[in-house]
Amino acid sequence: MAVTQLPPMALSAVSDDGGATQGILRRQALRESAARTYARALPIVPVRARGMTVEGADGRRYLDCLSGAGALALGHNHPVVLDAIRAVLDSEAPLQVLDLATPVKDAFTDELFATLPPGLAARARVQFCGPAGTDAVEAALKLVRIATGRDGLLAFSGAYHGMTAGALAASGGASAAGVTRLPFPYDYRCPFGVDGERGAELSARWAETLLDDPKGGVPDPAGMILEPVQGEGGVIPAPDGWLRRMREITAARSIPLIADEVQTGVGRTGAFWAVDHSGVVPDVMVLSKAIGGGLPLAVVVYREELDIWPPGAHAGTFRGNQLAMAAGTATLAYVRENHLSQRAAVVGRRMLERLRRFAAGRPQIGEVRGRGLMIGLELVAPETGPIAETGPIAETGPIAEAGAMAEAGQAGAVARVGPAARVGPVVDAAWEGVPGGATPYGASQSEVALDEVTPCEGAWPTGAEGEGARGALGGGVRQTPGGEASYAGVARTAAPPAAPALAAAVQQECLRRGLIVELGGRHNAVIRLLPPLTITDEQTEAVLDRLADALDAAIRTSGTRSGELPPTAAPFAPPSAGNRR
């Protein structure tokens, strides 16, 4: 499939030095709910968008790294999505059909099933839900409770599953009867005070022991729900071996395993679905955001053995959204045919490497972590004091006037950046048409490999999956600002306190530079990078350079800098010659 470059956007006729923008924002503040979120931190009024570029009512352009909270996997108004939507409109097909069968729905289901883990796709059922991920979570919880006859639920600290009652009850920070909260492997702030492998092992052992303890006080669980990468919780990837262990524990006790892939799905983590990294086949998958191509769509996919709920057990007026299904089919096919999940693995690895080099010698960046194009930087208040001022972050090439937008994480402390397409000219070429075997986005196909970005090479023995032992769980090294730290599983000193004030300052500095980020994370101090899958090398450079400049500026003015930066603590080094086109 050819990669189509969108034409340059004409400058907006609405350019009155912010007058129209301020008026619209003022009226929004007067009329809309106090529960609004993004609008408080992102005072822009988008009027048009193409690819990665969003233009505000004041004529200012931004590089959109929010990308509809991750729903715009291909960026704004991608041609394949627009063509799919126009085809439905031009056909005069009904736009909303409840749960009736249509050719559009049939094509979407075919494409969705083609991407699922084979062990699930071969015996799957799909329930179309109301058009938000939280409704699909509600459906999944209802499904397993009906199927098992049990009411309890196993969930994890730091989780986020949505804002409706049941989904919120399963999220971290909520107190709900019948929900048993288990420790999620969080290496940087391990609840057991140990590193990596040992911490994940203790987390798994805690879950197993609690379930088998007749006096453990755990209500009989109808299911276990988890995120393969906790997004709103601070971009915390679950080790592959730990996920396999959760699968083993739940399978041995006939507890359905629910994978919440609302944010991690459709190539985001470097595999089409995040569970693909570990080889785990869940009993239930909750899907939304990118599966609708930017339009509202949510489904729950599950093993046919669970399909015993009666007609009408879960319903919703807008579960037959034909435009979303057409846009979703086009998006799923485009990601699959153009190998964008592999591209996400390569770009994510490069971004992690660059950010870790930048973090070296900057103790305010406690940890850089992530998987694929879900990346987080946890900001802390180190005891070592402020660091010395550094020079400006040099641009590596001409970049159009731009900003970048990032999505909110849990509790307002994660700045998640997510760009989507090129700013400058782009070659219009198919995969095979790019010189040297490069992808349309700059990486050679030979560079694309999932194992390049697997954070945990080891694994637990996995009797439930029949894979046998694969060595120790998640051993190896972890990159820290000071270099690599051993995953020996030994006790270590506590991480420095989180720095939410610094995160807020970074947000403001990013805003001044046209790089719009949002804050979230369980400690209000993780900068989250969530780029759409179509990010180019040039856009990656622009986002990283602006982010680095904003970080240094915020650290300079936050009163937390002292000491000297080592020679390695330099601005982002330019990529190697083969990394850019």
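Residues numbered from 1 in each chain as written. Predicted model: local features only at pLDDT ≥ 70, side-chain atom pairs only at ≥ 80, totals over all residues. Heavy atoms only, no water.

A. Seen up close, the overall build of the chain. Within the chain one finds 13 helices and 19 strands. Taking contacts inside the chain between residues at least 6 apart in sequence as the whole, the part at least 24 apart equals 78%. Carbon together with sulfur atoms contributes 55% to the accessible area of the chain, which is approximately 21800 Å² in total. (Helix = DSSP H or I, 4+ residues; strand = E, 2+ residues; numbered from the N terminus. Contact = heavy atoms within 4.5 Å. Areas by Shrake-Rupley, 256 points an atom, 1.4 Å probe, with all protein chains shown as cover.)

B. Summary view of the pairing of strand S13 (residues 365-371). Within S13, seven of the seven residues are buried, which leaves the element mostly enclosed by the surrounding structure. A loop of two residues connects S13 with strand S14 (residues 374-379), the two strands running antiparallel in sequence, and Gly372 in this loop sits at a positive phi of about 60°. (Buried < 20%, exposed > 50% of the residue type's maximum accessible area, 1.4 Å probe, protein only. Pairing = 2+ DSSP bridges.)

C. Main features of the sheet that holds strand S7 (residues 221-226). Taken together, the seven strands give an open sheet; going across it, the order is S4-S12-S11-S10-S7-S5-S6, and neighbouring strands pair in mixed fashion. The open sheet has two edge strands with one neighbour each: strand S4 (124-128) and strand S6 (179-182). Adjacent strand axes in the sheet meet at a mean angle of 20°, parallel and antiparallel pairs treated alike. Two elements, S4 and strand S12 (residues 299-303), share five bridges in a ladder whose sense is antiparallel. Its bridge partner being in S12, Phe128 is matched across the sheet by Val299. Here helix H6 (residues 133-148) sits on the sheet and contacts strand S5 (152-156), S7, strand S10 (257-260), strand S11 (284-287) and S12; the angle it forms with S11, its principal contact strand, is near 160°. The sheet contacts of helix H9 (residues 240-252) involve S5, S7 and S10, and relative to S7 the element is tilted by about 170°. (Axes fitted to C-alpha atoms, helices over the stretch in contact; angles between N-to-C directions.)

D. Inspection of unusual backbone geometry at higher detail. At Asn77, a position not held by glycine, the phi torsion is positive, near 50°. Relative to the helices and strands, Asn77 resides in the loop between strand S3 (61-63) and helix H3 (79-91). For Val235, which is not glycine, the phi torsion reads 60° and is therefore positive. Among the secondary structure elements, Val235 is positioned in the loop between strand S8 (229-230) and strand S9 (236-237).

E. Up close: helix H13 (residues 537-557). Taking 1.5 Å as the rise per residue, H13 with 21 residues should run 30 Å; its terminal C-alpha atoms sit 30 Å apart, in good agreement. H13 sits mainly inside the fold: 18 of its 21 residues count as buried. (Expected span 1.5 Å × (residues − 1).)

F. Broad picture of the confidence of the model for the chain. When pLDDT is averaged along the chain, the result is 78, and 74% of the positions lie at 70 or above. Confidence drops under pLDDT 50 across residues 384-489; counting only partners more than four residues distant or on other chains, this segment forms 367 contacts. (pLDDT = per-residue confidence, 0-100.)

G. Representation of the sheet that holds strand S1 (residues 46-50) in the model. The three strands lie next to each other as S1-S2-S3, forming an open sheet whose pairing is antiparallel. Of all strands in the sheet, those with a lone pairing partner are S1 and S3, marking the two edges. On average, each strand axis in the sheet is tilted by 25° relative to the strand beside it, whichever way the strands run. Summarising the sheet, S1 and strand S2 (residues 53-56) pair through four bridges and their orientation is antiparallel. Residue pairing in the sheet places Ala49 in a bridge with Val54 of S2.

H. Local environment of the environment of Ile535. Examined against the element boundaries, Ile535 turns out to sit in the loop between strand S19 (526-529) and H13. Residue classification places Ile535 among the buried positions, given a relative accessible area of 0%. Once the C-alpha coordinates of Ile535 and Leu74 are considered, the two residues, 461 residues apart in sequence, prove to be 8.8 Å apart.

I. The arrangement of the side chain of Glu509 in detail. Here Glu509 is to be found in helix H12 (residues 500-512). Owing to a relative accessible area of 11%, Glu509 belongs among the buried residues under this scheme. Side-chain polar atoms of Glu509 contact the side chain of Arg513, separated by 2.6 Å. (Polar contact = N/O pair within 3.5 Å; in protein donor to acceptor, adjacent residues only side chain to side chain.)

J. Highlighting the packing of helix H11 (residues 340-359) against H13. At their nearest, the axes of H11 and H13 sit 11 Å apart, and the two run at 25° to each other. The angle between the axes of H11 and H13 places the two elements in the roughly parallel class. Considering only the axes of H11 and H13, their crossing is right-handed. Facing H11, whose interface residues are Arg343, Val347, Arg350, Met351, Arg354, Leu355 and Phe358, H13 presents Asp537, Thr540, Glu541, Leu544, Asp545, Leu547, Ala548, Leu551 and Asp552. (Parallel < 35°, antiparallel > 145°, perpendicular 65-115°, else oblique. Left-handed = near helix turned anticlockwise from the far one by under 90°.)

K. Representation of the nonpolar core. Residues Phe108, Trp273, Leu287 and Leu551 are the most contacted members of the largest nonpolar core, which totals 69 residues. Looking at this core, the element that brings in the most residues is helix H10 (residues 322-337), giving nine residues. With residues near it in sequence (within four places) discarded, Phe108 still touches Phe128, Ile291, Leu297, Val299, Met325, Gly328, Thr329 and Leu332. Core analysis: the second largest hydrophobic core is formed by 25 residues, Ala155, Ala167, Ala170 and Val179 among them. (Core = buried A, V, L, I, M, F, W, Y, C linked by side-chain atoms within 4.5 Å.)

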